[in-house]
Structure formats: structure tokens, C-alpha cells
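Observations on chain architecture
These are the residues of each chain, in order.
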Amino acid sequence: MSDSHTLRLSLQNMSCASCVGRVERGLSGLPGVNDVRVNLASETAQAQIDAPERISNIVEKLEEICYPARKQSTRLNVASMSCASCVGRVDKALAAVPGVLAVNVNLASETATVTYLEGSVAVADLLKAAGDAGYPATLPQDREAEDTSVRKDEEARMLARRTALAAALTLPVFLLEMGAHLIPGMHGLIGETIGHRASWLIQFGLTTVVLFWPGRSFYTLGFPALLKGAPDMNSLVAVGTSAAYLYSLVALFAPALLPEGSRAVYFEAAAVIVVLILLGRWLEARAKGRTGAAIQKLLGLQAKTARVVVGGEPQDVAIERITAGDILLVRPGERIAVDGEVTEGSARVDESMITGEPVPVAKSVGDPVTGGTVNGSGAFRFRATRVGADTTLARIIRMVEEAQGAKLPIQGLVDRITLWFVPAVMAFAVLTVLVWLLAGPSPALSFAMVAGVSVLIIACPCAMGLATPTSIMVGTGRAAEMGVLFRKGDALQQLSSVDVIALDKTGTVTEGSPRADRSGAGRRL
């Protein structure tokens, strides 16, 4: 970054010229902040800062003098994340954008929620930062939950096919190399029939197909990340399996380069680890796809079209085209499209999706109606008051999505550990090789290579970073299917200390705190 950087902020509570003076005096007194300019008309402040670290001081000062900077949040879909180390790198890349206040990256939902200072950060800056780190990001589109569900299902099917193919090719390799440890006499049988060199050649052919067909993504993603100096779990798998594969190639085709006692092949190790990692990725993809069921169920409550009264005649209109103030006609048995207020007619509406009450509620002129609820026997007209993302149902869906993407307090510790997990494992592997070379028995090179590869292969599974976000998604998704909605994901963690939950007869929490009923005879929620 250059020595001087222009920071622009949108401020709250700006109402007069004296406000301008207070903000200018407050910011000008901070170290590293120069040329402060405050505009009352646009309610903005601009300043030259010598380092991004000054931004936090500016934000604190604005809070102190009661002119806080406006904040915005945006959600990004992030591609190419496959392990917890990826989460750490995306988090680090987005947090490095000047003006970003908080980042929440979720591996299970493949999203990043970024909170930033309004006016100082453009969404394009966030997309570029993620892309430069090797994880292309996009903004969610309309009906994103539906599209994501389809994509995740297809991803799970693709991984299932790759896993099945890799397993089918690996099974003969495993039996040829490891069968002697399981079946007495098999080693001699192989030597008397096809011969051990032919066995190695068969293993070489099958393993090559496994690595370069179903397992190719580990290398196309892992090695570029390694060259960028940001190794991830793909890099770990790629290096470990490549080391085992290349060592086996030398033992098979150039055995003179190795001491006689260490001429062995490890094709089965490379092939089996690819199968196991693919199996883990498939199970992860299945878990991700299933967690979207709650959102899908809520989306199913949304009407796709509605009858809008235009010139006295009802016309079928897509729900996206409805605007506040439109008059809508609802016939018996139809689902109400958006939130509004009854202007003509009367009916009984099933509001159990909101209140839990099974008995339909009578609606007449002046009464509010909620989008997603179902009309009973009567017909009525109502004026739309909240449409699109402002409807009650849309806010419920957004609330569930935010809860699913939340980061629990314990996840912060996990992220800090996994960010350094891959580099640490690779460093330990190199250290292991050096120790065996310096202090190991003869042939030291062979033992060193085997020990180093073993460290890499053993460390390949990376469930730690996925366990917590997947648990959140599964928990909130299952709860939503049962009619329980979590506003915040950390409520799941707090539930571990809850002994009693008190609900009313419909299973709803009306106000969130107990109070005496009108008779004073009891307490209710």
C-alpha cells in the first residue's frame, strides 16, 4: 500500500454545521490522520491515513463523539473452498481489505459474510480480494437457495461417481500389495502366478488412473496453491500421494537408484488415500446438501404469482413484480403472496406457520395479513404493505440462513488452528525427513522418504474445520423442519447449559420472557 490512503466514510447523526466541526476536530487529533474533510449535505467524511490500522482508531473515535460510521454487510458465495485452511485464507484476504470490520467465512455453506464501512469499501473490492487469494467469489442471485441446492446435489452425485470409480480401481491394488498381510500364502501365490514385477506393473497402471482421473482435482488445486505459498488440504494430499507415487516409480523402473533393502512400492498408499479423501468429500457434500432442506421448506411457502387488481380487473403477476400499494385479490384456498392489510371482504386465514395456532383467524377490513399464510373459505382484497425482502416470511428465511452461516465462539479457535495446520504438517514432514537422514539407520534415504510421506498422508483428513459449521447447519436445518427457528447460530452452543424450556400450548414463544396473565393466577411466555 502507498504511504497515504484516502478513506471515505458515511456518518450518522449529522444534522448541522457544528456537527461538521466536531467530527473534523475529533478526527484531526488522531495520529496518522490528515486532511479531514466533512460534508454535511452528503453526511460523509474523507481523510488521508498513513496506514490501514488507523481505520479502527477512526471508527472508535466516531463512536466516542456520537457520529458513528455507517456499516453494511454483504454475503458472498465463495468457490474452491475444500478445507479449513481455505477458510482461514479467505478470512485473511477479505479482512485485509481496508474498511472491512468483520468477516465470517463458513465452509459448510461455502459463503462469507463481510461487515464493512459504508463508502470505504466496494463489493468489487471484496470479490477481487477473494479471487486474488484463489477463491473466486460471487454475489448471491435471486432464488439463490434453490440454485445452491441443485448445485450441491449435483456436486454430491459427481463425488459419488468419482469415489466409486476410484474405489473399484484401488481394490485390486490394495489386494495385490496388502493381501499377503491378510491372507496367508497370498504373497507366494502372486510370485508363482503373475510374478511380483507384473503385480507392481498392474498396481502402477491402476494407481495412475486413480490419481489422474478421479483424483486429479487434488493436483490441479493443490499444486497451484502450494506455488502461491498458501498450501491447503489439497496441497497436502497432492504432495503426500505424489511422493508415494514417485518413490514407487523409482522402485519399479529404476531400482538401482535405491538400496536393495528399500526397493518397495507404495502405490496402494497413494491410491487408498485418494479414495478415503474422496469418500470424506462425498459425505461432506451430502451433509451440505441436506442442510438446505429447511430453507427449501420455507421457500415452498412463498407464492410464485399473485392476482394484482389493475384497472378494476385482476391480473396474474409474478411475485417479484408486486410493489407496495398494489391491491391484490385472494380467492379461497390460495396462499397469500405478500404482507398487507385487508381493504375489502373477509375470510379466515390459516396462520399456523407463524403463530402455531391450528385454528384459522378471522380477517376483515383493516386487519393485517402475512405472506405465506393460506386463505380459507372467503375471498378478499388487500393492499400490499411489505414486499420482496421486507415480508415476514422473507425475513424468517434470511434469519435461518444467517443462523446457519453463523460462527460459534468455539469456531474462532478452530479457525486459528486450521489456518496454520497445513504449513505445520508440511514443516513436520520436512523435519522428519531431515532427522531420518541425519540419525536414521541405513538405508537412511529410503527410511526418510517413507517417514516423510507417512506424516503427510496421516495428516490428510481435515474434519476439524468442517465439523462445527456443518453441525450448525444440520442443527438449525433440522430445527426449522420441526418448527423451531434460531435467530443466531450461537444459540445452539448456549443450549448446552439449558435445563428447562417453557412454551405455551401452541409451542411458540410469544414475548421471550415470562409474565403474569390477567388473572394473576399464573405465568406465561
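As the structure is a computational prediction, the values presented were derived from the model and not from experiment.

Secondary structure summary: the protein chain contains 18 helices and 18 strands in total. Nonlocal contacts in the protein chain, meaning residues at least 24 apart in sequence, comprise 68% of its contacts between residues at least 6 apart. Approximately 26,500 Å² of the protein chain is accessible, and the part contributed by carbon and sulfur atoms is 59%.

A rise of 1.5 Å per residue sets the reference length of helix H8 (residues 216-227), with its twelve residues, at 16 Å; its end C-alpha atoms lie 17 Å apart and thus fit the reference within 8%. If you check which residues of H8 are buried, you get Ser217, Phe218, Tyr219, Gly222 and Ala225. Positive backbone phi, at 80 degrees, marks Gly229, one or two positions downstream of H8.

Looking now at the packing of aromatic side chains. Pairs of aromatic rings are described using the distance from one ring centre to the other and the angle between the two planes. Here the structure, examined in full by the defined rule, presents nine aromatic pairs. Between Phe212 and Tyr245, the ring centres sit 6.2 Å apart and the planes meet at 70 degrees, which makes this aromatic pair edge-to-face. With a gap of 33 residues between them, Phe212 in helix H7 (residues 196-212) and Tyr245 in helix H9 (residues 233-253) connect regions that are remote in the sequence. In this structure Phe212 comes out as exposed when scored by relative accessible area, which is 54%. What makes Tyr245 buried here is its relative accessible area of 9%.

In spatial order, the strands read S5-S6-S4-S7; together these four strands make up an open sheet with antiparallel pairing. Two strands lie at the open edges of the sheet, namely strand S5 (100-106) and strand S7 (137-138), each paired on one side alone. Where S5 and strand S6 (residues 111-117) come together, six bridges link them in antiparallel fashion. Each bridged residue has a counterpart across the sheet, and for Val100 the counterpart in S6 is Tyr116. Contacts from helix H4 (residues 123-132) reach strand S4 (71-78), S5, S6 and S7, with the element oriented near 40 degrees to S4.

Time to look at the packing of H9 against helix H15 (residues 421-439). Two elements in contact, H9 and H15, have axes whose closest approach is 9 Å; the angle formed by their N-to-C orientations is 25 degrees. Overall, the two elements H9 and H15 adopt an arrangement that is roughly parallel. The two elements H9 and H15 meet at a crossing, and its hand is left-handed. Of the residues in H15, those in contact with Met233, Leu236 and Val239 of H9 are Phe421, Val422, Val425 and Met426. Grouping the amino acids of the contact of H9 with H15 by side-chain chemistry returns seven nonpolar, no polar and no charged.

Turning our eyes to something else, we now look at the side chain of Ser199. Here Ser199 is to be found in helix H7. Since its relative accessible area comes to 2%, Ser199 is described here as buried. Apart from residues lying up to four places away in sequence, Ser199 is in contact with Leu176, Ile190 and Ile194.

The UniProt feature table records "transmembrane region" (unreviewed entry) at residues 164-186, 198-215, 236-258, 264-283, 417-439 and 445-468. When the span residues 164-186 is considered, its composition is 87% helix and 0% strand, and the gap between its end C-alpha atoms is 26 Å. Across residues 198-215, helical content stands at 83% and strand content at 0%; the span's end C-alpha atoms are separated by 24 Å.

This paragraph deals with unusual backbone geometry. The phi torsion at Asp35 lies on the positive side, around 50 degrees, for a residue other than glycine. Counting through the fold element by element, Asp35 comes out in strand S2 (residues 33-39). Positive phi is not limited to glycine here, since Cys66 has a value of about 70 degrees. Mapped onto the secondary structure, Cys66 falls in the loop between helix H2 (54-64) and S4.

The subject of this paragraph is the pattern of salt bridges. Scanning all chains against the criterion turns up nine salt bridges. With a closest N to O distance of 3.5 Å, Lys61 and Glu64 form a salt bridge. A residue pair is termed a helical-turn pair when its members lie 3 or 4 positions apart in one helix, as Lys61 and Glu64 do in helix H2 at three residues. Between Arg307 and Glu334 there is a salt bridge whose closest N-O contact spans 2.3 Å. Separated by 27 residues along the polypeptide, Arg307 in strand S8 (residues 305-310) and Glu334 in the loop between strand S10 (327-330) and strand S11 (339-345) bring together distant segments of the chain. Through salt bridges with shared partners, a single network forms among Arg307, Asp316, Arg331 and Glu334.

This brings us to the side chain of Arg162. By the element assignment, Arg162 lies in helix H5 (residues 144-182). Other than its neighbours up to four places away in sequence, Arg162 contacts Pro214, Gly215, Ser217 and Leu278.

Turning our eyes to something else, we now look at the environment of Thr385. Its location among the elements puts Thr385 in strand S16 (residues 380-386). Distance from Thr385 to Thr323, taken between C-alpha atoms, is 8.3 Å for residues 62 residues apart in sequence. Among all residues touching Thr385, those that are not within four sequence positions of it are Ala324, Asp339, Gly340 and Glu341.

Attention shifts here to a nonpolar patch on the surface. Among the surface-exposed residues, Leu171, Phe174, Leu175, Leu182 and Ile183 lie close enough to one another that they form a single nonpolar patch of about 450 Å² accessible area. For Leu175, the position within the fold is in helix H5.

The rules behind each value
Chains are numbered independently. Their residues run from 1 in the order of the written sequence. Only residues with pLDDT of at least 70 are given local features in this predicted model, and only at 80 or more are side-chain atom pairs given and counted; all residues enter the totals for whole chains, interfaces and linings. Side-chain measures here rest on the full set of heavy atoms in the structure, leaving out hydrogens and waters. Helix and strand assignments follow DSSP, with helices taken as H or I runs no shorter than four residues and strands as E runs no shorter than two, numbered in order from the N terminus. Pairs of residues are marked as contacts when any of their non-hydrogen atoms sit within 4.5 Å. Shrake-Rupley sampling with a 1.4 Å probe provides the accessible areas, and residues are treated as covered by the protein chains on show and by no other component. Given a helix with a known number of residues, its expected span is that number minus one, times 1.5 Å. Note on exposure labels: buried denotes an accessible area under 20% of the residue type's maximum, exposed denotes more than 50%, and partly exposed covers the range between, all computed with a 1.4 Å probe on protein chains only. Aromatic contacts are taken between Phe, Tyr and Trp rings whose centres are within 6.5 Å, Trp giving its six-membered ring; a plane angle under 30 degrees counts as stacked, one over 60 as edge-to-face, and the others as tilted. Following DSSP output, two strands are said to pair if at least two bridges run between them. Helix axes are fitted to C-alpha atoms over the stretch in contact, other axes to C-alpha atoms as well, and angles between N-to-C directions run from 0 to 180 degrees. Any angle that is under 35 degrees is reported as roughly parallel, and any over 145 degrees as roughly antiparallel; angles of 65 to 115 degrees are reported as roughly perpendicular and all others as oblique. Less than a right angle of anticlockwise turn of the near helix away from the far helix marks a crossing as left-handed, whereas a clockwise turn marks it as right-handed. Three categories are distinguished: nonpolar for Ala, Val, Leu, Ile, Met, Phe, Trp, Tyr, Cys and Pro, charged for Asp, Glu, Lys and Arg, and polar for the others, with Gly belonging to the last. UniProt positions are given in the numbering used here, feature names are shortened, and annotations may be inferred rather than shown by experiment. Each reported salt bridge corresponds to a side-chain nitrogen of Lys or Arg within 4 Å of a carboxyl oxygen of Asp or Glu. Patch membership is restricted to residues that have no salt bridge and whose relative accessible area is over 30%. Joining uses 9 Å for like charges and 5 Å for the nonpolar side chains Val, Leu, Ile, Met, Phe, Trp and Tyr.

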